[in-house]
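# Per-entry structural report
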Amino acid sequence: LRDMAAGAGPAPVEIGLEVGFGQGRTVGLLVERGHRVLGVDSSLTMVRQAVARNRAACGDGRAVLRHGDGVTIPFPDGVADAALSVHTVYFLPDLTGTLTDLARVVRPGGLLVIACCTSDTPVPGWMDPAVYQVPTAGHLIDTLSSAGYEGVDVQIVEGGPEPLHLFTARVGIA
């Protein structure tokens, strides 16, 4: 995640998109590092909290936070240099649809970072299977590939309360 904020890859990240920004903590961190941040969340409560937390940035356009339906990304084609999603894939009603639309919003060659748990490692007890649809790493890799992403990579990050899978991929150049 730090690499995204630092502008990892062939082009710097000027505009980042966060899918599922929750209370807006990461939005604030990215804005503090000089990035313009776009965000979409399917919870109106989270949108309100994140806008309140990032009031100044939302007021002057450094952050644009919108409510979405969990499938489509309400921003124009190619507007973001990179996208980030942390612990959000579990709640997306149409994972393939969302990742495909996300590829539309991120410029060709842009970076996508997804951080989540997968069912390949023990799922934390607090992740109620009736609420959290935890994918396998293989399913997420296949879904990213079919949605138009290239160079899909996954690393397991240890050291937190549970193993975190960090997926990185680039939007394909059509």
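For the structure itself, look to the data block above.
Since the structure is predicted, the reported quantities are computational estimates derived from the model, not experimental observations. (Residues numbered from 1 in each chain as written. Predicted model: local features only at pLDDT ≥ 70, side-chain atom pairs only at ≥ 80, totals over all residues. Heavy atoms only, no water.)

## A few points about the overall build of the protein
Threshold: Numbering of helices and strands runs from the N terminus, with a helix taken as a DSSP run of H or I at least four residues long and a strand as a DSSP run of E at least two residues long. Atoms considered for the radius of gyration are the C-alpha atoms alone. The globule rule reads 2.2 Å times the number of residues to the power 0.38. Burial here depends on accessible area, computed with a 1.4 Å probe over protein chains only, as a share of the maximum for the residue type. Under 20% is buried, over 50% is exposed, and the range in between is partly exposed. Any two residues whose heavy atoms approach within 4.5 Å at even a single point are treated as in contact. Areas reported here follow the Shrake-Rupley algorithm with a probe of radius 1.4 Å; residue values treat only the protein chains shown as occluding.
Summing up its helical and strand segments, the protein has six helices and seven strands in all. Seen in sequence order, the protein has helices and strands lined up from the N terminus as α-β-α-β-α-α-β-β-α-β-α-β-β. Scaling as 2.2 N^0.38, a compact globule of 174 residues should have a C-alpha radius of gyration of about 16 Å, and the protein matches this with 15 Å. By its C-alpha atoms, the protein is 45 × 35 × 30 Å across when sized along the principal axes. Sorting the 174 residues of the protein into buried and exposed places 47% on the buried side. Summarising the internal contacts of the protein: among those between residues at least 6 apart in sequence, 67% fall at separations of at least 24. Accessible surface computed for the protein: about 8,400 Å², of which carbon and sulfur atoms make up 55%.

## Things to note about helix H5 (residues 95-105)
Burial within H5 is extensive, with eight of its 11 residues counted as buried. Residues Leu95, Gly97, Thr98, Leu99, Asp101, Leu102, Ala103 and Val105 constitute the buried set of H5. The elements touched by buried residues of H5 are strand E1 (15-19), strand E4 (80-86), strand E5 (106-116), helix H6 (137-146), strand E6 (149-157) and strand E7 (164-171).

## Remarks on the packing of H5 against H6
Filter applied, for reference: Only C-alpha atoms enter the line fits that serve as axes; for helices the fit covers just the stretch in contact. Angles between N-to-C directions range over 0 to 180 degrees. In what follows, roughly perpendicular refers to angles from 65 to 115 degrees, roughly parallel to angles under 35, roughly antiparallel to angles over 145, and oblique to any angle outside these ranges. Handedness of a crossing is defined here by the sense of rotation of the near helix relative to the far one, left-handed for an anticlockwise turn of less than a right angle and right-handed for a clockwise turn. Charged residues are taken to be Asp, Glu, Lys and Arg, nonpolar residues to be Ala, Val, Leu, Ile, Met, Phe, Trp, Tyr, Cys and Pro, and polar residues to be all remaining types, Gly included.
Their axes nearest at 9 Å, the elements H5 and H6 cross at an angle of 45 degrees. With respect to H6, the element H5 is oriented oblique. The chirality of how H5 crosses H6 is right-handed. Residues Leu95, Thr96 and Leu99 of H5 touch H6, and the partners they reach there are His139, Leu140, Thr143 and Leu144. The residue makeup of the contact of H5 with H6, split by class, is four nonpolar, three polar and no charged.

## Digging into the sheet that holds E5
The line we're drawing: One bridge is not enough; two strands pair if DSSP finds at least two bridges between them.
An order of E3-E2-E1-E4-E5-E7-E6 is seen for the seven strands of this open sheet, with the pairing classed as mixed. Two strands in the sheet have a free side with no partner beyond their single neighbour: strand E3 (63-67) and E6. Along the sheet, successive strands turn relative to each other by an average axial angle of 15 degrees, direction set aside. Direction of pairing for E5 relative to E7: antiparallel, over a ladder of six bridges. Bridge pairing links Leu111 to Arg170 in E7. Relative to E3, helix H3 (residues 44-53) is tilted by about 165 degrees, and along the sheet it contacts strand E2 (36-41) and E3.

## Points about the layout of surface pockets
Rules: Here the term cavity refers to a set of points on a 1 Å grid, laid over the protein atoms alone, in which a 1.4 Å probe fits but cannot get out; the term pocket refers to an open set having protein on both sides within 12 Å along at least five of seven lines, with lining residues being those that place an atom within 4 Å of a point. Grid points are joined across faces, edges and corners, and a volume is the space filled by probe spheres set on the points.
Reported here for the largest pocket is a volume of approximately 490 Å³. Forming the walls of the largest pocket are 27 residues, and the residues nearest its centre are Gly20, Phe21, Gly22, Val86 and Thr88. Secondary structure elements with two or more residues in the lining of the largest pocket: E1, helix H2 (25-32) and E2.

## Topic: the packing of aromatic side chains
Test applied: In this analysis, rings of Phe, Tyr and Trp, with Trp reduced to its six-membered ring, are considered paired at centre separations within 6.5 Å, and the interplanar angle assigns stacked below 30 degrees, edge-to-face beyond 60, and tilted for intermediate values.
According to the stated counting rule, one finds four aromatic pairs in the structure shown. Ring geometry for Tyr90 versus Phe91: centroids 5.8 Å apart, planes at 90 degrees, classification edge-to-face. Aromatic side chains Phe91 and Tyr132 sit 5.0 Å apart centroid to centroid with 55 degrees between the ring planes, which places their arrangement in the tilted category. Placement of Phe91 in the loop between E4 and H5 and of Tyr132 in the loop between E5 and H6 is noted, with a sequence separation of 41 residues between them. Ring pairs connect the aromatic residues Tyr90, Phe91, Trp126 and Tyr132, which therefore count as one cluster.

## A look at the environment of Val89
Mapping Val89 onto the fold places it in the loop between E4 and H5. For Val89 and Ala115, which are 26 residues apart along the polypeptide, the C-alpha to C-alpha distance reads 8.8 Å. The contacts of Val89, once residues within four sequence positions are left out, are Leu95, Ile114, Cys116, Gln133 and Pro135.

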